[in-house]
Amino acid sequence: MEKGEEWSEPIPSAAAEQARRAARSGTKLDTMLRRYATGDRVLGDFIMDEADRFPSDVLRAVLRAQGPQVDRLMAAVATEYMNELARMRRSPSQRLAERVQRLVAGDSPADVGDLGYAFDAWHLGMIVKGGEAEAGVRALAAGARRPLAVPDVERLLSTDATGSASLAVGEPRSGLDGWRLTHREAQAAQEVILRKPQRLTRARDVILLAAVLRDDALAKSLLETYLAPLEGHGDSGAVLRETLRAYFSAGLNAATAAAALAVDRHTVQRRLRKVEEALGRLLPDCHAELVVALGLEELEAEAEGDGPPPVD
């Protein structure tokens, strides 16, 4: 009340905990709110008893602040009460999932032993999209005493255990911090499979692409900086981009790229020089940026249902 009717700091933590405790103990919400209303009346009586000690304008300001602040307090404790009820009504599996999500996000719980999972082991984070692969993936992803190799995942995908599932996979990591990291890596890979479903997407292969996908401005900047300038340089932009894809897929080997494109090596080299001229940079100096920009273009085409960008 001293702060005025516009004051809006959080309610006291003791009041919030009392509301949650009331929900857990079975106290009805209207019973709890009646107690606050009674406290409000007692406070009002006290203010009026002391009214002759204050100037009338001060008294009016106090009374003007009392009502809104009490209303805000009662609304806040009612929200805490209802949130606690909702939490109690969630299934054990939902509560477990929420706990695990908080753990992945970086919470430092006092004890994780009751989760029934060996956090001091090796882990491989995986996110499954589609298919009926839960049982197989659970068996594969359980904490192990040795690093779980990605070829093990590939063997799982070669069976019928995963159906038509797409897997986003982190890297083998150890300990609680490693468990968090491999799951965050799998979440990064998921950014890609949501746009381009395929059987297996490893975070290590798409980590830069996934990072850029989370920032629309950066994604647009990459496309405008590294792909837009390729238009209007003799060969079409689509031809130059397809040549870049073949060149990068071939491990920067122009002869191999030429074979994949059914052209001669000199044609590939000429096109690559045109790319460097258009960008004003040598390819080794912007290799990563071009790979990510080309990946973004492919994902955009997939999202629009056009498939890979065509060659003119």
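Because the structure is predicted, anything quoted here is derived from the model rather than measured.

### Remarks on the overall build of the protein chain
For step 1, the next point in the chain: Regarding its fold elements, the protein chain presents 13 helices and five strands.
For step 2, the next point in the chain: Taking all 312 residues of the protein chain together, the buried fraction comes to 37%.
For step 3, the next point in the chain: With the model as given, the accessible surface of the protein chain reaches about 18,200 Å², and the carbon-plus-sulfur share is 52%.

### Digging into the sheet that holds strand 2 (residues 126-129)
For step 1, the next point in the chain: Taken in spatial order, the three strands line up as 2-3-5 in an open sheet, and their pairing is mixed. Two strands bound the open sheet, and with one partner strand each, they are strand 2 and strand 5 (200-202). The mean angle between the axes of side-by-side strands here comes to 15°, regardless of whether they run parallel or antiparallel.
For step 2, the next point in the chain: As paired strands, strand 2 and strand 3 (residues 166-169) are joined by four bridges and run antiparallel to one another. Across the sheet, the residue bridging to Ile127 is Ala168, located in strand 3.
For step 3, the next point in the chain: Relative to the sheet, helix 7 (residues 175-193) contacts strand 2, strand 3 and strand 5, its axis offset from that of strand 3 by approximately 140°.
For step 4, the next point in the chain: The sheet strands contacting helix 8 (residues 203-213) are strand 3 and strand 5, and the helix crosses strand 5 at an angle near 70°.

### Here's the deal with unusual backbone geometry
For step 1, the next point in the chain: A positive phi angle, near 65°, is found at Leu252, a position not held by glycine.
For step 2, the next point in the chain: In this fold, Leu252 is placed in the loop between helix 10 (237-249) and helix 11 (254-261).
For step 3, the next point in the chain: One non-glycine residue, Ala262, adopts positive backbone phi at about 60°.
For step 4, the next point in the chain: Residue classification places Ala262 among the exposed positions, given a relative accessible area of 71%.

### Notes on the side chain of Arg241
For step 1, the next point in the chain: Mapped onto the fold, Arg241 is located in helix 10.
For step 2, the next point in the chain: According to the relative accessible area criterion, Arg241 is buried, its value standing at 11%.

### Re the confidence of the model for the protein chain
Atom-level detail of predicted coordinates should not be read off regions where pLDDT is low.
For step 1, the next point in the chain: With 83% of its residues at a pLDDT of at least 70, the protein chain reaches an overall mean of 82.
For step 2, the next point in the chain: Least confident of the elements in the protein chain is helix 5 (residues 134-141), whose mean pLDDT is 59; most confident is helix 11, at 95.

### Points about helix 8
For step 1, the next point in the chain: Looking at helix 8, one finds that the buried residues are Ala203, Val206, Leu209, Ala210, Val212 and Leu213.
For step 2, the next point in the chain: Here the buried face of helix 8 lies against strand 3, helix 7, strand 5, helix 9 (216-226) and helix 13 (287-303).

Rules used throughout
- Residues numbered from 1 in each chain as written.
- Predicted model: local features only at pLDDT ≥ 70, side-chain atom pairs only at ≥ 80, totals over all residues.
- Heavy atoms only, no water.
- Helix = DSSP H or I, 4+ residues; strand = E, 2+ residues; numbered from the N terminus.
- Buried < 20%, exposed > 50% of the residue type's maximum accessible area, 1.4 Å probe, protein only.
- Areas by Shrake-Rupley, 256 points an atom, 1.4 Å probe, with all protein chains shown as cover.
- Pairing = 2+ DSSP bridges.
- Axes fitted to C-alpha atoms, helices over the stretch in contact; angles between N-to-C directions.
- Contact = heavy atoms within 4.5 Å.
- pLDDT = per-residue confidence, 0-100.

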